[in-house]
Structure formats: C-alpha cells, structure tokens
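Chain by chain, the residues run as shown.
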Amino acid sequence: MQTRLPTEERQAEIVEAALRLASESSPALITTGDIAAAIGVTQGAVFKHFPTKDAIWLAAMRWVRETLLLQNLQAAADQSATPLDALAAMFRAHVEFVIAHPGVPRFIFHELQQPADSAAKLEVRGVLQGYRKLLLGQLAQSIEQRQVSADLDPEAAATSFIGLIQGLVMQSMLTGKPAAMRQQANAIFTLYRRGLGEAR
C-alpha cells in the first residue's frame, strides 16, 4: 500500500516523477496516468494535488526556477572569488543540474516550441530571463574589474554562454548520455573564457 504523504511532499513527488518521465519520452505524450503509475498512486490521487497536467508542468518549472536559478547558479556565483570564477562555477553547476535532471531541458525545449503562451511557457521565459540577468551581472563585474576585454559586448557574451550550454544539452539528448557533458564542459568553457579576452 502506498504511504500517505503530506501534501507538499506528494506534490514534490509528482513533479519529480513528471520530470523523470520527460527524460524518457516526449512531455506531450506523458499522461497523468503515467505519472500516477510512476509513483504508485491512482490517477485520482494525482488530481487531488493538481487539477490538470498543465498545473503539474507549471509546478515543475517553478521548481526549476527555485532549484537551478536561485539555489544552484546563484550559490555558485556567490561562493566564487571573482566574476570569471563565478561564470565558470555557474557553467559547471548548470551542466551538473542537467546531468541530474535530463528531463528538464526536454520539457523546456518542448514548451518553447508551442505557439500558445501557457502558464508553464511563461514560467520558462521567466527562468531564462532571470538566468540572463545573473549572467549579465557577472559579465559587467568582469569588465569593471578588468578581468576581460574592456570592449566586451555583455549581451553577446551572455547569449554565447547560454548557447554553449544548449549545444551540450542537445548533443547529450542525441546520444542519450547526459553524463558525457561533464567530459566536454571544461574544454568548452576554456574556449569561452578566451573569447572574453581574459586578462593575463
């Protein structure tokens, strides 16, 4: 018999199951029945906590915002000695997050392809905007502290940072081996730092 959990714990379990399933199949094909089966409860039990599947995905993206943006990336930046070190730490933290939660980028890519602005898609947009703001802050400090070229374009540098992560993620999705990102990440970030015109 499935143990009864407090509401917040059960909601977290449902979200975790949804993202785990997203690592194995298209989010569009995942049903609330699939999610219920994954955690050993009835479909009705899932609806007790979330009225629709869209509500589950919205909760999933809010979890991503809290975990990736506010905890992992911000913490990585805060614990670094310099802005450039912060960028390196953020790059590694993002890679490790994707390795641990491969369903997250699959869901994000899925949502961004949808023509309509769902609540989950708006949350995805908010996560990406917050991510970019954090990057721009570190890049601005890098320029101020003369760690990089004085004429560096922060907007272009932020876009490049995100693009490198996305490229690694796409390759990992094609190969089905998320952990392989770890082997490439350091070399790719070294090239990125050189592109910033890092002071020597």
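Everything quoted here is computed from the prediction, not taken from an experiment.

**Remarks on the overall build of the chain**
Moving on, step 1. In terms of regular secondary structure, the chain is built from nine helices and zero strands.
Moving on, step 2. Put simply, the chain runs from its N terminus to its C terminus through helices and strands in the order α-α-α-α-α-α-α-α-α.
Moving on, step 3. Each principal axis of the C-alpha distribution contributes one length, and for the chain these read about 60 × 35 × 30 Å.
Moving on, step 4. Split into buried and exposed, the 200 residues of the chain put 40% on the buried side.
Moving on, step 5. Expressed as a percentage of contacts within the chain between residues at least 6 apart in sequence, the contacts between residues at least 24 apart total 67%.
Moving on, step 6. Accessible area for the chain stands at about 10700 Å²; split by element, carbon and sulfur atoms hold 53% of it.

**A look at the UniProt feature "domain: HTH tetR-type" (unreviewed entry) in the chain**
Moving on, step 1. Here, UniProt's "domain: HTH tetR-type" (unreviewed entry) annotation points to residues 8-68.
Moving on, step 2. Strand forms 0% of residues 8-68 and helix 75%; the C-alpha atoms that close the span are 19 Å apart.

**A closer look at the packing of aromatic side chains**
Moving on, step 1. Enumeration over the complete set of coordinates arrives at eight aromatic pairs.
Moving on, step 2. Aromatic pair Phe91 and Phe161: ring centres 5.4 Å apart, planes at 90 degrees, arrangement edge-to-face. With Phe91 in helix α5 (residues 83-100) and Phe161 in helix α8 (residues 154-175), the pair connects residues that are 70 residues apart, well separated along the chain.
Moving on, step 3. For Phe161, a relative accessible area of 0% corresponds to the buried category.
Moving on, step 4. For the pair Phe189 and Tyr192, a centre-to-centre distance of 5.6 Å together with 40 degrees between the ring planes defines the contact as tilted. With a gap of three residues between them, Phe189 and Tyr192 both fall in helix α9 (residues 180-195), about one helical turn apart.
Moving on, step 5. Here Phe189 falls in the buried class, since its relative accessible area comes to 6%.

**Description of the packing of α5 against helix α7 (residues 119-144)**
Moving on, step 1. Where α5 meets α7, the axes come as close as 8 Å, and the angle between the chain directions of the two elements is 150 degrees. Here α5 is positioned roughly antiparallel relative to α7, judged by the angle of their axes. In this structure, α5 contributes Pro83, Leu84, Ala86, Leu87, Met90 and His94 to the contact, and α7 contributes Tyr131, Leu134, Leu135, Gln138, Leu139, Gln141 and Ser142.
Moving on, step 2. Residue composition of the contact of α5 with α7, grouped by class: nine nonpolar, four polar and no charged.

**Notes on the nonpolar core**
Moving on, step 1. Within the largest apolar cluster, 61 residues are counted, with the highest numbers of intra-cluster contacts made by Trp57, Met90, Phe161 and Leu196.
Moving on, step 2. Where this core is concerned, the elements lending two or more residues are α1 (7-22), α2 (32-39), α4 (53-78), α5, α6 (103-112), α7, α8 and α9.
Moving on, step 3. Broken down by element, this core gets its largest block of residues, 12 residues, from α5.
Moving on, step 4. Setting aside anything within four residues of it in sequence, one finds Trp57 in contact with Ala18, Leu19, Ala22, Pro27, Ile30, Phe107 and Ala120.

**Concerning the side chain of Gln147**
Moving on, step 1. Along the chain, the position of Gln147 falls in the loop between α7 and α8.
Moving on, step 2. Gln147 gets classed as buried once you look at its relative accessible area, which sits at 17%.

**Section: α6**
Moving on, step 1. With seven of 10 residues buried, α6 is to be regarded as a mostly interior element.
Moving on, step 2. For α6, the complete set of buried residues consists of Gly103, Val104, Pro105, Phe107, Ile108, His110 and Glu111.
Moving on, step 3. Of the surrounding secondary structure, the elements contacted by the buried residues of α6 are α1, α4, α5, α7 and α8.

Calculation rules
Residues numbered from 1 in each chain as written. Predicted model: local features only at pLDDT ≥ 70, side-chain atom pairs only at ≥ 80, totals over all residues. Heavy atoms only, no water. Helix = DSSP H or I, 4+ residues; strand = E, 2+ residues; numbered from the N terminus. Buried < 20%, exposed > 50% of the residue type's maximum accessible area, 1.4 Å probe, protein only. Contact = heavy atoms within 4.5 Å. Areas by Shrake-Rupley, 256 points an atom, 1.4 Å probe, with all protein chains shown as cover. UniProt positions renumbered as here; feature names shortened; annotations may be inferred. Phe/Tyr/Trp six-rings, centres within 6.5 Å; stacked < 30°, edge-to-face > 60°. Axes fitted to C-alpha atoms, helices over the stretch in contact; angles between N-to-C directions. Parallel < 35°, antiparallel > 145°, perpendicular 65-115°, else oblique. Nonpolar A, V, L, I, M, F, W, Y, C, P; charged D, E, K, R; others polar. Core = buried A, V, L, I, M, F, W, Y, C linked by side-chain atoms within 4.5 Å.

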